[in-house]
Amino acid sequence: MEKILFLASAYLLVWGLRLQSDPSSASRGNKLASIGMILAIFAAIIMPIEKSNSNLLWVIVPLSLSSIIGYLIAKNIKMTSMPQMVSIFNGLGGFSAVLLSYAELYKYIVYPENYDFSVVLVLILSLFIGSVAFTGSLLAFAKLDGYKWSEKLTLPSQHIINIILICVVIGLSFFFLQKAQIDYLFLIILVSFIYGVFFVAPIGGADMPVVISLLNSFTGITAALTGIIFGNIVMLLGGILVGAAGTILTILMCNAMNRSLLNVIVGGFSSSGSSAENHSHGDISEISESDFAVQLFYSNKVIIVPGYGLAVAQAQKICKEIQEVLEKNNVDVKYAIHPVAGRMPGHMNVLLAEADVDYSRLIELDQANEEFKSTDVAVIIGANDVVNPDAIDNSSSPLYGMPILKVWDSLSTVVLKRSMSAGYAGVQNPLFFKKNNKMYFGDAKESLQRLSSELKNL
Amino acid sequence: MNELISFLIENEVLIYLLLFTILLGFEVISKVPSVLHTPLMSGANAISGIVILGAIILIRTTESDNYLILFLSSIALFVGSINVFGGFFVTNRMLEMFNKKKKS
């Protein structure tokens, strides 16, 4: 019986995930996957086990408590807090794997006669990756939640410290494999926790999407490793699927920035960013809200390029309001979404969906670059590096080679920004000094509110 | 080293499965449109909570008076299944949001 359940659940998980890669079936896919998960849990509860002790209460109580808590969190969380929530959930998954590996390893300390070298090795590996995923996700959460934290934080000779930490973990594991002692175990966990913090610490800003998906794949890998220990194929399968999904997203994000994973992990654009000052900056021109409003109002086609600034200011609803006013006047409004805009993969899509923006209005990089040519005004809200022309024509720029949105192909561009400060990459953006570009300074939400009331008065 | 090799031989089927699943995983999820990146991530994240199966099995095989292990594994079950349930519910909420837009 439980074999059939596990089989069905494995099938549902794979098929559910498959459906989740297409917009029309994604919702069904998620439901199938969750049914698969429930079947697997049920199967694990009823499966006959040698030497089974009926500790059913220990299973039922945490399970029912957490389903209620999980539901409440999921129901009440704001869409803008989605990156934080994904990372905290991911941390919980990692922590669960840590506890589990610890409990399994503890059994070997109590009953050394059952000691099995390979099993212990796999468990330590799972313990290590789980710990890194746990503290890494917590730090990612803190960085995402407190805006100031998102500054990248690098210790001197960070890489050397990280390498030393890994060596310490390997050394401790070696000792533990020689002699199963609880002290070693605690130390391994402690050092892995510290490593997790150091792993995420230097990464920030625009690299957050990469980190989140990477941590996600770590949790998947630990799940798969514990699956090997428990000889449970569904765990192995589920874990690997998550690992693969996380890895694919990580690669996609890295490609979208034209950087290698190593480069992201090592942290920042620091090494080659010297060209920033070489530009003769020239003049920028500002636009008043009434001019801005008139310009938008009498356009045929407007493309909005949202970035992290929009998310921080939570300006997505007011953005939609402006869209509606403009559409009443027969202006074609679209949103150009860069793959790494925001702080997690697909961040902008979720925000705009929350504000009820129809997703046929959202266009991806290639299509957007086609459409800019026939656009009257491109409005850049709180985005910077993803619209930097240096990425195309300045080979000394650290951004050079990154696929970007060619907003300057439109007749004119307006950049909404809080100040002239550089973007995450720390380089100045020549777009701001182009002749057909205007700047509109201020917090994205307040600016858009002013603009919206101007538009309504027209 | 010998132990490692014998482990590999003992778990031959599992290792094969591991390799094929990795391929399957990449095949299943490649070419995701960026609209779905966030839901896919949170959905996959929920699936990674599958470690709780291990916690359930561990609880069921532990002696009823071994409170340390029982306690540890039920905490593991607790936090892991917050990840599972929360993840699925929130993914569902996000996807419904996308769907609603399509109908109107």
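Residues numbered from 1 in each chain as written. Chains lettered and ligands numbered in written order. Predicted model: local features only at pLDDT ≥ 70, side-chain atom pairs only at ≥ 80, totals over all residues.

Attention now moves to the overall build of chain A. Along its length, chain A carries 17 helices and six strands. Relative to the globule expectation of 23 Å for 458 residues, the C-alpha radius of gyration of chain A, 25 Å, shows essentially globular dimensions. Its C-alpha atoms give chain A principal-axis dimensions of about 80 × 50 × 30 Å. Counting all 458 residues of chain A, 52% fall into the buried class. A fraction of 79% describes how many contacts in chain A between residues 6 or more apart in sequence connect residues 24 or more apart. (Helix = DSSP H or I, 4+ residues; strand = E, 2+ residues; numbered from the N terminus. Rg over C-alpha atoms; globule rule 2.2 N^0.38 Å. Buried ≥ 20, exposed ≤ 12 C-beta atoms within 10 Å, placed from the backbone. Contact = placed C-beta atoms within 7 Å.)

Turning our attention to the overall build of chain B. Within chain B, the regular secondary structure consists of five helices and zero strands. In chain B, the succession of α and β elements from N to C terminus is α-α-α-α-α. Since a compact globule built from 104 residues should have a radius of gyration of about 13 Å, the 19 Å found for chain B marks it as more spread out than a globular shape. When its C-alpha atoms are laid out on the principal axes, chain B stretches across 60 × 35 × 15 Å. Contacts in chain B between residues far apart in sequence, at least 24 positions, make up 68% of those at least 6 positions apart.

Further remarks concern the interface of chain A and chain B. Listed by partner, the interface residues are 95 residues for chain A and 79 residues for chain B. Broken down by element, the residue count for the side of chain A that touches chain B peaks at 16 residues, all from helix H9 (residues 233-256) of chain A. Considering only residue class, the side of chain A that touches chain B consists of 58 nonpolar, 29 polar and eight charged. (Nonpolar A, V, L, I, M, F, W, Y, C, P; charged D, E, K, R; others polar.)

Now for helix H5 (residues 117-145) of chain A. With 29 residues, H5(A) should cover 42 Å at 1.5 Å per step; its first-to-last C-alpha distance of 42 Å lies within 8% of that length. Most of H5(A) sits inside the fold, with 21 of its 29 residues counted as buried. (Expected span 1.5 Å × (residues − 1).)

All names here are of chain A. The geometry of helix H8 (residues 208-229) relative to H9 is characterised by a closest axis approach of 7 Å and an angle of 160° between their N-to-C directions. It follows that H8 is roughly antiparallel to H9 by the angle criterion. Taken as a pair, H8 and H9 cross one another with a handedness that is left-handed. Class assignment for the residues of the contact of H8 with H9 results in 14 nonpolar, 13 polar and no charged. (Axes fitted to C-alpha atoms, helices over the stretch in contact; angles between N-to-C directions. Parallel < 35°, antiparallel > 145°, perpendicular 65-115°, else oblique. Left-handed = near helix turned anticlockwise from the far one by under 90°.)

Turning to the pairing of strand E1 (residues 301-306) of chain A, a few remarks are in order. Residue and element names in this part refer to chain A. For E1, the buried fraction is high: five of the six residues fall into the buried class. Alignment of E1 against strand E2 (residues 332-337), held across four bridges, turns out to be parallel. Paired with Ile304 across the bridge in E2 is Tyr335. (Pairing = 2+ DSSP bridges.)

The next thing to look at is the sheet that holds strand E6 (residues 437-441) of chain A. The pairing of strands in a sheet comes from backbone hydrogen bonds and takes either a parallel or an antiparallel form. Residues and elements named next belong to chain A. What the six strands build is an open sheet, ordered E3-E2-E1-E4-E5-E6; its pairing is parallel. For this open sheet the edge positions go to strand E3 (362-364) and E6, each flanked by a neighbour on one side alone. Going from strand to strand, the sheet's axes swing by 25° on average, the running direction of each strand aside. Bridge analysis of strand E5 (residues 412-417) against E6 gives five bridges, and the strand direction is parallel. Within the sheet, the bridge partner assigned to Val415 lies in E6 and is Met439.

In this section: the nonpolar core. Residues A:Ile188, A:Leu241 and A:Val305 are the most contacted members of the largest nonpolar core, which totals 185 residues. The greatest single-element share of this core, amounting to 16 residues, is contributed by H9(A). Residues within four places of A:Leu241 in sequence aside, it is in contact with A:Leu13, A:Val14, A:Leu17, B:Gly25, B:Ala44 and B:Ile47. (Core = buried A, V, L, I, M, F, W, Y, C linked by C-beta atoms within 7 Å.)

In this structure, A:Gln314 is a non-glycine residue whose phi angle is positive, near 55°. Residue A:Asp356 is not a glycine yet carries a positive backbone phi of 65°.

For helix H1 (residues 2-19) of chain A, spanning 18 residues, the distance from its first C-alpha to its last is 25 Å, which sits close to the expected 26 Å at 1.5 Å a residue. All of the buried residues along H1(A) are A:Leu5, A:Phe6, A:Ser9, A:Ala10, A:Leu12, A:Leu13, A:Val14, A:Gly16 and A:Leu17. At its buried positions, H1(A) is contacted by helix H2 (26-46) and H9 of chain A together with helix H2 (12-29) and helix H3 (37-48) of chain B.

Here the focus is the environment of A:Ser410. All names here are of chain A. With respect to the helices and strands, Ser410 occurs in the loop between helix H16 (390-393) and E5. Of the residues examined, Ser410 has 21 C-beta atoms within 10 Å and is grouped as buried. Measuring from C-alpha to C-alpha, the distance between Ser410 and Tyr298 comes to 15 Å, with 112 residues separating the pair along the chain. Here Ser410 is in contact with Ile303, Phe372, Thr375, Asp376, Val377 and Ala378, once residues within four sequence places are set aside.

With that out of the way, let us pick up the pairing of strand E4 (residues 377-381) of chain A. Residue and element names in this part refer to chain A. E4 sits mainly inside the fold: five of its five residues count as buried. Covered by surrounding structure in E4 are Val377, Val379 and Ile381 together with Ala378 and Ile380, the residues of both alternating faces. Of the strand pairs in this sheet, E4 and E5 are connected by five bridges, and their pairing is parallel. Of the residues in E5, the one forming a bridge with Ala378 is Thr413.

Averaged over every residue, the pLDDT of chain A is 83; the share at 70 or more is 92%. For chain A, helix H10 (residues 261-266) of chain A is the element with the lowest average pLDDT, namely 74, and E1(A) is the one with the highest, namely 91. (pLDDT = per-residue confidence, 0-100.)

Viewed as axis vectors pointing N to C, H1(A) and H2(B) meet at an angle of 30°, and their least axial separation amounts to 8 Å. Overall, the two elements H1(A) and H2(B) adopt an arrangement that is roughly parallel. Here A:Val14, A:Leu17 and A:Arg18 of H1(A) come into contact with H2(B), specifically with B:Leu24, B:Val28 and B:Ile29. Split into classes, the residues belonging to the contact of H1(A) with H2(B) amount to five nonpolar, no polar and one charged.

Looking now at the environment of A:Leu139. The residue A:Leu139 is located in helix H5 in this model. Along the backbone, A:Leu139 and A:Val200 are 61 residues apart, and their C-alpha atoms lie at a distance of 6.9 Å.

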